[in-house]
Amino acid sequence: MKKQTVTTICALLALLPSAPAQTAGNSAVPQGAPQQQMKTDNLPAWLVEFSNLPRQDREKYLQGFGRAKQFFQKGDWHACILEITNCEIIFNQNPNSWNLRLSCMIELKDLEHADEYLEKVRKAIPNDPVTLLNIANLHLVRGEYQQCITEMNNIIRTLPYDTDGELVNIMRFRIMLSHLMLGNESQAEAILQGLTALDDTPLFYYGHAALNIYHGKRQEAMLDVNSANNIFAKNQATIPYQRGITASGLIDKYLPEVNKEKNAAKAAEKK
């Protein structure tokens, strides 16, 4: 494989971190790994096929996919989907683009077409962290809370021993949210057992925020959220927790006045 092609693959892998809220030093290509050691034998078929595209097409794809991820991080779901569509005109075999599109569909609650893409990513990359989170979020958005609990517990039990601990925490948070939506407060509290502010995870703060929302304690919940956002601002580790609360419907159910105020503010802006 030419050095230029290897460099392109490294660039693509760097654009496709497995976790949605990637922390420093946790890239898809190990830091310091010599490029000459990379072999096509160790790469997925779609990535090898991508490497055979003309250079101009590869570069255009990489740029577009990078923009798509930026739009996703900003919460501009429609712009993200548009960029993905443009990328797939060039190359449509990247399962990570299917996952990103699925994530946008879930955020937009476009559930009519979500199952089609979920089936594709479950076949192509069933153990990918984004796939697992999309499964959980689909259950949350649909209000299938017991299914979310059951499936997430099954996934956690079968994860490899070296799975990123923060990914497990994100899934545990979705289990916790599901318990709260079902009124199982004691089971939700059990998930936070043993956690303290010294643990390096937003789960401690967002878990207590969720409990405060459950009890209608808006100010206390905001203090927890603000603490987490300040502590973990640099690596954006709170994003999956924020989206989990939104997807679960917890605020709609226990702090409905928050959305009423947001809707009133939007209406005022349009006048």
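Residues numbered from 1 in each chain as written. Predicted model: local features only at pLDDT ≥ 70, side-chain atom pairs only at ≥ 80, totals over all residues. Heavy atoms only, no water.

### Notes on the overall build of the protein
Using the following cut-off: The way it works is that DSSP assigns letters per residue, a run of H or I at least four long becomes a helix, a run of E at least two long becomes a strand, and they are numbered from the N terminus. A simple rule labels every residue: compare its accessible area, found with a 1.4 Å probe on the protein chains alone, to the largest value its type can have, and call it buried under 20%, exposed over 50%, or partly exposed in between. The contact criterion used throughout is that any non-hydrogen atoms of two residues lie within 4.5 Å.
A tally of helices and strands in the protein yields 15 helices and zero strands. Within the protein, the fraction of its 271 residues that count as buried is 46%. If you take every contact in the protein between residues at least 6 apart in sequence, the share linking residues at least 24 apart comes to 64%.

### So, the state of the cysteines
Cut-off, in case you're wondering: Our working definition of a disulfide is a cysteine sulfur pair at a distance within 2.5 Å.
Within the structure shown, the criterion is met by zero disulfides. For C80, which is in no disulfide, the shortest distance to another cysteine sulfur is to C104 and amounts to 3.4 Å.

### A word on helix α11 (residues 203-214)
The condition that has to hold: The length a helix should cover is 1.5 Å for every residue beyond the first.
Look at α11: 16 Å from first C-alpha to last across 12 residues, which is about the 16 Å you get at 1.5 Å a residue. Buried within α11 we find L203, F204, Y205, Y206, G207, A209, A210, L211, N212, I213 and Y214. Where the residues of α11 are buried, they touch α9 (165-181), α10 (185-191), α12 (218-231), α13 (239-248) and α14 (250-254).

### What to know about the packing of aromatic side chains
We count it as follows: What counts as a ring pair is set by centres within 6.5 Å for rings of Phe, Tyr and Trp (its six-membered ring), and what kind of pair is set by the plane angle: stacked under 30 degrees, edge-to-face over 60, tilted for all other angles.
For the structure on display, the rule yields 11 aromatic pairs. Ring centres 6.5 Å apart and planes at 35 degrees place the aromatic pair W46 and F91 in the tilted group. Separated by 45 residues along the polypeptide, W46 in helix α2 (residues 45-51) and F91 in the loop between α4 (77-90) and α5 (95-108) bring together distant segments of the chain. The buried category is assigned to W46, whose relative accessible area is 13%. Relative to F91, the ring of F50 has its centre 5.6 Å away and its plane inclined at 70 degrees; by these criteria the two rings are edge-to-face. With F50 in helix α2 and F91 in the loop between α4 and α5, this pair connects stretches of sequence that are 41 residues apart. For F50, a relative accessible area of 0% gives the class buried. In textbook terms, an aromatic cluster arises when at least three aromatic residues are bridged by ring pairs, as seen for W46, F50, Y61, F65 and F91.

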